[in-house]
Amino acid sequence: MIIGIGIDMVKIEKIQSAIERLGEAFLKRVFDKKELKNISKGKMYYQRLAARFAAKEAVIKAISKEKPLALTDIIILNKPNGAPYCEFKKKLNIEIFLSITHLEDYAVACAVAQRRR
Ligand SMILES: CC(C)(COP(=O)(O)OP(=O)(O)OC[C@H]1O[C@@H](n2cnc3c(N)ncnc32)[C@H](O)[C@@H]1OP(=O)(O)O)[C@@H](O)C(=O)NCCC(=O)NCCS
């Protein structure tokens, strides 16, 4: 059963300036080690981090009726074919369907939450 959907859009500049100002402190407050390991500091670094920020916010919206979650409870990774997926740090009986897109200036993510049978 679908329990909710969520969407979020993030300006890349906002994430980039937070990282440039706060560095590790910001990265640790928002991202898991597994997420940071998955994103190399090359082309699209800020876009991909911003997209994960948007994905976390989209997931929070999708499951807001069920459970309040923090950004760090949600881990966004990629399958071998590049498709994004979501893991939770807490044990939740919820599956997330996720889609991400990013351009030069903005990143957008959409999440659908479904209760596992
Ligand atoms: C996968 C694909 C849809 C990504 O689209 P894009 O416009 O290049 O890039 P977007 O910014 O919209 O999306 C990038 C995100 O798509 C997601 N993505 C990548 N592969 C995916 C897949 N197989 N399934 C679902 N999502 C995928 C990732 O989350 C990625 O962001 P991330 O690397 O930061 O995690 C695209 O590369 C593709 O394969 N298109 C098929 C058509 C085609 O081959 N066109 C080229 C010839 S005209």
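Residues numbered from 1 in each chain as written. Predicted model: local features only at pLDDT ≥ 70, side-chain atom pairs only at ≥ 80, totals over all residues. Heavy atoms only, no water.

Here we look at the pairing of strand 4 (residues 94–102)
Of the strand pairs in this sheet, strand 4 and strand 5 (residues 106–115) are connected by nine bridges, and their pairing is antiparallel. Opposite Ile94, over in strand 5, you have Arg115 as the bridge partner. The turn linking strand 4 back onto strand 5 is made up of three residues. (Pairing = 2+ DSSP bridges. Helix = DSSP H or I, 4+ residues; strand = E, 2+ residues; numbered from the N terminus.)

Side note on the site of the ligand
Neighbouring the ligand are the residues Arg48, Arg52, Asn78, Asn81, Gly82, Ala83, Pro84, Ile100, Thr101 and His102. Take Gly82: an N or O atom from its main chain is 3.3 Å from a nitrogen atom of the ligand. In isolation the ligand has 930 Å² of accessible area, and contact with the protein removes 36% of it. Mapped onto the shell around the ligand, the elements with two or more residues apiece are helix 4 (45–62) and strand 4. Sorting elements by how many residues they give to the shell around the ligand places strand 4 first, with three residues. (Near = heavy atom within 4 Å. Polar contact = N/O pair within 3.5 Å; in protein donor to acceptor, adjacent residues only side chain to side chain. Areas by Shrake-Rupley, 256 points an atom, 1.4 Å probe, with all protein chains shown as cover.)

Some remarks on helix 1 (residues 12–22)
Residues spaced three or four apart along an α-helix face the same direction, because each turn holds 3.6 residues. Listing the buried residues of helix 1 in full gives Ile12, Ile15, Ala18 and Ile19. Taken around the axis of helix 1, the buried residues stretch over an arc of 135°, which confines them to a single face. Those residues of helix 1 that are exposed and aimed more than 90 degrees away from the buried face are Glu13, Lys14, Glu20 and Arg21. Summarising the contacts, the buried residues of helix 1 are in contact with strand 1 (2–11), helix 2 (24–30), helix 4 and strand 5. Downstream of helix 1 by a residue or two, Gly23 has a phi angle that is positive, lying close to 55°. (Buried < 20%, exposed > 50% of the residue type's maximum accessible area, 1.4 Å probe, protein only. Arc of directions from axis to C-beta. Contact = heavy atoms within 4.5 Å.)

Concerning unusual backbone geometry
The backbone of Met44 sits at a positive phi, close to 70°, despite the residue not being glycine. Its location among the elements puts Met44 in the loop between helix 3 (33–38) and helix 4.

Examining the packing of helix 1 against helix 4
Orientation of helix 1 relative to helix 4, taken along the N-to-C sense of each, is 105°, at an axis distance of 9 Å. With respect to helix 4, the element helix 1 is oriented roughly perpendicular. Residues Ile12, Ile15, Gln16, Ile19 and Glu20 of helix 1 lie in contact with helix 4, whose contacting residues are Tyr46, Gln47, Leu49, Ala50 and Phe53. (Axes fitted to C-alpha atoms, helices over the stretch in contact; angles between N-to-C directions. Parallel < 35°, antiparallel > 145°, perpendicular 65-115°, else oblique.)

Quick look at the side chain of Asp32
Here Asp32 shows up in the loop between helix 2 and helix 3. Look at Asp32 and you get buried, because its relative accessible area is 11%. The contacts of Asp32, once residues within four sequence positions are left out, are Lys56, Ile75 and Lys89.

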